[in-house]
Amino acid sequence: RTLYSIAVKNSERNPEYDPVIVFLDSDADMNYFSISYPVSLACAVLEGADFAKAGFWRAMGRAKKFTAQPLFSSIDHPLLQNLTCFTYPLSGECAARLSFFSSIPFVQKYGIETSMLMDACAGDYEIADVNLSLYDHHHQDDINVQKIAFGVIKTFLTKCQELGLLELKNGARISDLLKASFINEDGAISEICSRADEKSYPPLKDIIP
């Protein structure tokens, strides 16, 4: 991901500089990209949002449409109610002040957006959904989309456990392995066995005093 940092002073929250950090996916289709995208996200934070997430229209978005959005509706609880308000929850584009990003854990690989959104919704934060209109990334094949979907589901269940909203019993645990069988285009049976080692790193404030 590409990182933009804009230093601004906010005396109400911190007498020191609390820079605005903008994350952008590095695989964006440059036919759509505009400097207005990072600027729009940064402006949402400068105008008062603690966390700003990009929304847009794109042609594919299979993991978003068929996994993340239905999944985010599956558990009804006040801590998670704002998850359904994000127009593109798996977009890699977001912005917040350094103090926000330093206060939440970061999940490795495909679960990062899900973890970030759940922490933002469960915390006492002002959230903005920024409409970037038309946008696109390089598209993944179906196998990789399955891996992305698995990472999203695994992170969602794990975060629900951490928030005290979900309890597994009788030896059940959240698996690290995506396992599936399918018939390929040659008519033969194939299998997927992919490990999702999505380690959660503690908040920066807990690492650096």
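Up top is the structure.
The structure presented is a predicted model; accordingly, all values stated were derived computationally and were not measured.

1. Describing the environment of Ser194
For step 1, the next point in the chain: Within the secondary structure layout, Ser194 lies in strand β10 (residues 189-195).
For step 2, the next point in the chain: The class for Ser194 is buried, based on a relative accessible area of 16%.
For step 3, the next point in the chain: The sequence separation of Ser194 and Leu168 amounts to 26 residues, and the corresponding C-alpha distance is 23 Å.
For step 4, the next point in the chain: Sequence-distant contacts of Ser194, defined by excluding residues within four places in its chain, comprise Lys147, Asp176, Leu177 and Leu178.

2. What to know about the pattern of salt bridges
For step 1, the next point in the chain: Under the counting rule described, the total for this entry stands at six salt bridges.
For step 2, the next point in the chain: For Asp119, the salt bridge is made with Lys159, and the minimal N-O distance between the two is 2.8 Å. Taken together, the positions of Asp119 in helix α4 (residues 112-122) and Lys159 in helix α5 (residues 142-162) put the pair 40 residues apart, joining distant regions of the chain.
For step 3, the next point in the chain: The class for Asp119 is buried, based on a relative accessible area of 16%.
For step 4, the next point in the chain: The class of Lys159 is buried, set by a relative accessible area of 6%.
For step 5, the next point in the chain: One salt-bridge network, in which partners are shared between bridges, spans Asp119, Lys159 and Glu162.

Conventions used here
Residues numbered from 1 in each chain as written. Predicted model: local features only at pLDDT ≥ 70, side-chain atom pairs only at ≥ 80, totals over all residues. Heavy atoms only, no water. Helix = DSSP H or I, 4+ residues; strand = E, 2+ residues; numbered from the N terminus. Buried < 20%, exposed > 50% of the residue type's maximum accessible area, 1.4 Å probe, protein only. Contact = heavy atoms within 4.5 Å. Salt bridge = Lys/Arg side-chain N within 4 Å of Asp/Glu carboxyl O.

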